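# Structural description and commentary
Residues per chain are reported as follows:
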Amino acid sequence: MLRELINGPVRALWVAQGLPPDNIEDLHLSQTPDPAVNSSLKLGTVAQSAIGLSALAAAHLYCLRTGEAQRVHVDARHAVLEFNSEKYYTIDGRLPEGKLFDELSDIYKTQDGYVRLHANFPHHKQGLLDILQCAPTKEAVAAALATWSAEAFEAEVFRRHLCAAALRSSDAMAKTAQGVFAANVHPVSVTRIGDAPRRTFADASAGAGALRHALAGIRVLDLTRVLAGPVCGRTLAAHGADVLLVTSPRLPALPFLDAETARGKRTAQLDLDAPADAAALRALLRGADVFLQAYRPGGLAARGFGPEDCAAARPGIVHASLTAFWPGGPWGDVKSFDSLVQTLGGLNVQEAEAYAAYVRATQGADAAAGLPPYRALPMQALDHAAGYLLAFGIIAALSKTVTEGGSWRVHVSLGATLLWLRRLGTVDAARAFGEGRALPPRGVPLDPEVAAVSTTIAGGVGGARTMSVVRHAARFEGGMEVREGAAPLALDAHKAEWLPRDT
């Protein structure tokens, strides 16, 4: 009974995709996943379920290829550490340069509430400063925002396709037009969009001994940036796919994140405004099995790389997209990021209220009275969860190309991931903050807990450098393996071409 309860979040998403219910018996998760970290949200459940789903889908595809079932194990604490993998890597024994957030990316008081800014990309930062007509300092930004209404500023930011969010409670979010639209959206959408013959593999009768990775021979064209999409591509690479990350040389990069999320991938750059490079991407598409993208809604479709375009050019393709909000809704074309969706979707308020209740009970009303009405989650939980859910959807769709044929579209959004997370429930404040362990500190040497779940991989051209990275939290029994891979440490480390298929 307890195991059925623990596996419940996985079962709901698994059977919704028409996958064999009996396979869930092969998934073994932590029996007491929460509080795996000091949060009132069930982040241990979220992390082990999302990682477990992607791993179980890989095991299912492996079984379709070899006839051999696999047992999948995920530990909740390891999973929440992997949900922080970008914080815990080193290069040549040193912490990398850079940081997760720009100094202006913070929460600020307005006339009637609060807003959070996201200024990590230079053009987003400048766009926000253009609205505020102020100097690029936190003091100047705070003074300018104090003259705005929170929702009026948010509306202007959305109008200009920039990135900020008004702080809301969950109830307030549910009453917005977007909240009403998204109330019943499923976290993972897998839809057939075209006909194609059933996929076959050369190793179909070779048995488990001849195959170590479920996605060996699968080619993934990865056009994602920042965190959620790259985590998805990294997960597909961990299961053996040839993942080619293609970025534009004209767009700003985030080296601090790219170094870690590109591990296991090959990297190349193409400028789609150059006809030769656009033709090169079309040629890559014709040889791909998965087209993975996380650019603004409609951006690549306008260039001829929408789901139906890709299915026509490459029958049997799995076209996967990640967006901030569900397409077609009031905020369908809004740009956003994990920290902003947490803010506008109610999680920051919910976490703050739970923490205030804990402080009030343990330290008194005066201590709680001084706390801010917002508190961020201890990780970019929406990004990581969405990345693994998207990987789950992609591998489920690949399995459908084996059993049914066809071309498939997969879609996941940060907003729908937030709703899924919230529906999993909460942890009592006393347990969440009294028993939940804080995340280990970032530093060199690695904290012992981080070191225990880390491994060393090669980095850079020719593997001349070394990286310490958090291992994938899923492990298998039965012959299947996780491939940690190498890290290119550059976005143009390889040619824009496919490797020969290894199976």
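Residues numbered from 1 in each chain as written. Predicted model: local features only at pLDDT ≥ 70, side-chain atom pairs only at ≥ 80, totals over all residues. Heavy atoms only, no water.

Our next topic: helix H6 (residues 138-145). Because the α-helix completes a turn every 3.6 residues, residues three or four places apart line up on one side. The complete set of buried residues in H6 reads Ala140, Val141, Ala144 and Leu145. Looking straight down H6, one finds that the buried residues subtend no more than 125 degrees of arc, so they occupy a single side. Residues of H6 that are buried sit in contact with strand S4 (107-109), strand S5 (114-117), helix H5 (122-132) and helix H7 (150-159). (Buried < 20%, exposed > 50% of the residue type's maximum accessible area, 1.4 Å probe, protein only. Helix = DSSP H or I, 4+ residues; strand = E, 2+ residues; numbered from the N terminus. Arc of directions from axis to C-beta. Contact = heavy atoms within 4.5 Å.)

Right, let's talk about the sheet that holds strand S9 (residues 242-247) for a bit. Strand order in this open sheet of seven strands is S7-S13-S12-S11-S8-S9-S10, and the pairing throughout is mixed. The sheet is open, and its two edges are formed by strand S7 (189-194) and strand S10 (266-269), each paired on a single side. Between one strand axis and the next, the sheet turns by 20 degrees as a mean value, whatever way the strands run. Of the strand pairs in this sheet, strand S8 (residues 219-223) and S9 are connected by four bridges, and their pairing is parallel. (Pairing = 2+ DSSP bridges. Axes fitted to C-alpha atoms, helices over the stretch in contact; angles between N-to-C directions.)

Looking now at the pattern of salt bridges. Oppositely charged side chains may form a pair once their charged atoms are brought near each other. Inspection of the entire model under this criterion finds 26 salt bridges. Of the charged contacts in the structure, one is a salt bridge between arginine 71 and glutamate 477, with a shortest N-O distance of 3.6 Å. Taken together, the residues arginine 71 in strand S2 (residues 71-74) and glutamate 477 in strand S16 (residues 474-477) connect sequence positions 406 residues apart. With a relative accessible area of 38%, arginine 71 lands in the partly exposed category. A residue is classified by how much of its surface remains accessible, and glutamate 477, at 37% relative accessible area, is partly exposed. Salt-bridge contacts for arginine 168 lead to glutamate 151; the nearest nitrogen and oxygen are separated by 3.9 Å. Separated by 17 residues along the polypeptide, arginine 168 in the loop between strand S6 (164-166) and helix H8 (170-174) and glutamate 151 in helix H7 bring together distant segments of the chain. (Salt bridge = Lys/Arg side-chain N within 4 Å of Asp/Glu carboxyl O.)

Attention now goes to the sheet that holds S16. Strand order in the open sheet formed by three strands is S1-S2-S16, with mixed pairing between adjacent strands. The sheet is open, and its two borders are formed by strand S1 (27-29) and S16, each paired with just one other strand. Averaged over all adjacent pairs, the angle separating strand axes in this sheet is 25 degrees, with direction ignored. Sheet analysis places S1 next to S2, joined by three bridges and oriented parallel. Following the sheet pairing, leucine 27 is matched in S2 by valine 72. Helix H3 (residues 43-66) contacts S1, S2 and S16 of the sheet and is inclined by roughly 160 degrees relative to S2.

Omega for the peptide link from aspartate 34 to proline 35 comes to 0 degrees, which places this bond in the cis form. Structurally, proline 35 is set in the loop between S1 and H3. Backbone torsion omega between valine 444 and proline 445 reads 0 degrees, so that peptide bond is classified as cis. Relative to the assigned elements, proline 445 resides in the loop between helix H19 (429-434) and helix H20 (448-452). A positive phi angle, close to 55 degrees, is found at aspartate 92, a residue other than glycine. Along the chain, aspartate 92 falls in the loop between strand S3 (90-91) and S4. On the basis of relative accessibility, which here comes to 28%, the residue aspartate 92 falls in the partly exposed class. Positive phi is not limited to glycine here, since glutamine 133 has a value of about 55 degrees. Note on placement: glutamine 133 falls in the loop between H5 and H6.

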